[in-house]
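Each chain, letter by letter, is given below.
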Amino acid sequence: MMNHRICSIFLFCAVLLMAANASAATLRYALIVGNNRGVDENGNMPFPALRHAQSEAAKLRDKLVGLSNFAPDRDRTILLTGATRAELDRAVSVLAERRRRDEELLGAVDSVFLFYFTGHGLEGRLLLRDGPLSAREIDGVFNRMDADLAVGVFDACHSGSLSPKGIVPTPGFNLLRELPDEVLNAKGRIWYVSSSARQVSWEDREMGGVFTHYFMEALDRAARSGPGITLDSIWEYTRTRTMAYTERQNRRQVPELYISELRGSAPVYFSFPMKRSATLTFSPDIEG
């Protein structure tokens, strides 16, 4: 076992480093929701149950932890399958409280919040197990988290109709071209939606939700730049492949990008698929 005195010194140094670098740190929080079934405001289920939404949400959660630096902690990265409105509300409260406590401990720390939903949608709402979540309520989720950078990804029919006031569609927007100072500590909101306001989002019998399939694939296959893969690369990969696949199936689906008050000064790296090869070697004088 390591000498107690040496262990105490390491702990003291780690605390000092944490305090010194708190302003440079970025904490990530995620809420991933997958619902095979959803009902409208009248309690009716307007669509047949999906096959893959809940299982692909679980796969996405694992990929975000493995590739995108989201913590495995259940109060920082939350997976909900077959969620109700109350369960989603509680999950947001848990995440917001965790973020508040982290900020209390570390000071002003930059934060990223991801809200991913895969399931059924109607115009202006997402369908949960016991009722719909309106565009205003979705906006409220982001307001409660109050993260520096908020990323919403919605794989549902008519998801282009979810945009709240202040978020405008920019289908041709390219982060690297329009924002050369794009950053990890970016401020604002980015929403990726799987289809336009009047389009269906397709679930393939084998691959699952087409948009979600290519989003997950993009986390380790999109073009890399520097230490990882940027949000811009993930968007382009997901959008182009979703469009190409659905067009081949004669089921055209056009994902859209929405932004609000986005600004920054360095690359927004979201995924880090390259294997780490660095090792930490202790002096032979250190026991344990």
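Residues numbered from 1 in each chain as written. Predicted model: local features only at pLDDT ≥ 70, side-chain atom pairs only at ≥ 80, totals over all residues. Heavy atoms only, no water.

What follows deals with the packing of helix H2 (residues 53–67) against helix H6 (residues 210–221). For the pair H2 and H6, the least separation of the axes is 10 Å and the interaxial angle reads 15°. Between H2 and H6, the crossing angle belongs to the class labelled roughly parallel. As H2 runs across H6, the sense of the crossing is left-handed. Residues Glu56, Lys59, Leu60, Lys63, Leu64 and Leu67 of H2 pack against Thr212, Phe215, Met216, Glu217, Leu219 and Asp220 of H6. Residue composition of the contact of H2 with H6, grouped by class: 6 nonpolar, 1 polar and 5 charged. (Axes fitted to C-alpha atoms, helices over the stretch in contact; angles between N-to-C directions. Helix = DSSP H or I, 4+ residues; strand = E, 2+ residues; numbered from the N terminus. Parallel < 35°, antiparallel > 145°, perpendicular 65-115°, else oblique. Left-handed = near helix turned anticlockwise from the far one by under 90°. Contact = heavy atoms within 4.5 Å. Nonpolar A, V, L, I, M, F, W, Y, C, P; charged D, E, K, R; others polar.)

Let us now look at helix H3 (residues 85–106). Between its first and last C-alpha atoms H3 spans 32 Å; for 22 residues at 1.5 Å apiece the expected length is 32 Å, and the two agree. Every buried residue of H3 is listed here: Leu88, Ala91, Val92, Leu95, Arg98, Arg99, Asp102 and Leu106. Along the axis of H3, the buried positions cluster into a sector of 125°, meaning they face one direction only. Relative to its buried face, H3 has exposed residues pointing more than 90 degrees away, namely Glu104 and Leu105. Where H3 terminates, the next one or two residues include Gly107, which has phi positive at roughly 90°. (Expected span 1.5 Å × (residues − 1). Buried < 20%, exposed > 50% of the residue type's maximum accessible area, 1.4 Å probe, protein only. Arc of directions from axis to C-beta.)

On the basis of which strands lie adjacent, the open sheet formed by 3 strands has the order E4-E5-E6 and antiparallel pairing. What marks the edges here is a single partner per strand, and that holds for strand E4 (121–122) and strand E6 (131–134). Summarising the sheet, E4 and strand E5 (residues 125–128) pair through 2 bridges and their orientation is antiparallel. The residue bridging Gly121 from the neighbouring strand is Leu126, located in E5. The strands that H3 touches are E5 and E6; relative to E6, the one it contacts most, it runs at about 40°. Here helix H4 (residues 135–145) sits on the sheet in contact with E5 and E6, set at roughly 65° to E6. (Pairing = 2+ DSSP bridges.)

Between side chains of opposite charge, a pair can form as their charged atoms come close. Under the defined criterion, the tally for this structure stands at 16 salt bridges. Of the charged contacts in the structure, one is a salt bridge between Asp220 and Lys63, with a shortest N-O distance of 3.5 Å. Taken together, the positions of Asp220 in helix H6 and Lys63 in helix H2 put the pair 157 residues apart, joining distant regions of the chain. A residue is classified by how much of its surface remains accessible, and Asp220, at 29% relative accessible area, is partly exposed. Through salt bridges with shared partners, a single network forms among Asp73, Asp75, Arg76, Arg98 and Asp102. (Salt bridge = Lys/Arg side-chain N within 4 Å of Asp/Glu carboxyl O.)

Taking 1.5 Å per residue, 15 residues should reach 21 Å; H2 reaches 20 Å between its end C-alpha atoms and fits that length. Ala53, Glu56, Ala57, Leu60, Arg61, Leu64 and Leu67 are the residues of H2 that are buried. For H2, the buried positions fall inside an angular range of 160° around the axis, keeping them on one side. Facing away from the buried side of H2 by more than 90 degrees, the exposed set consists of Lys59 and Gly66.

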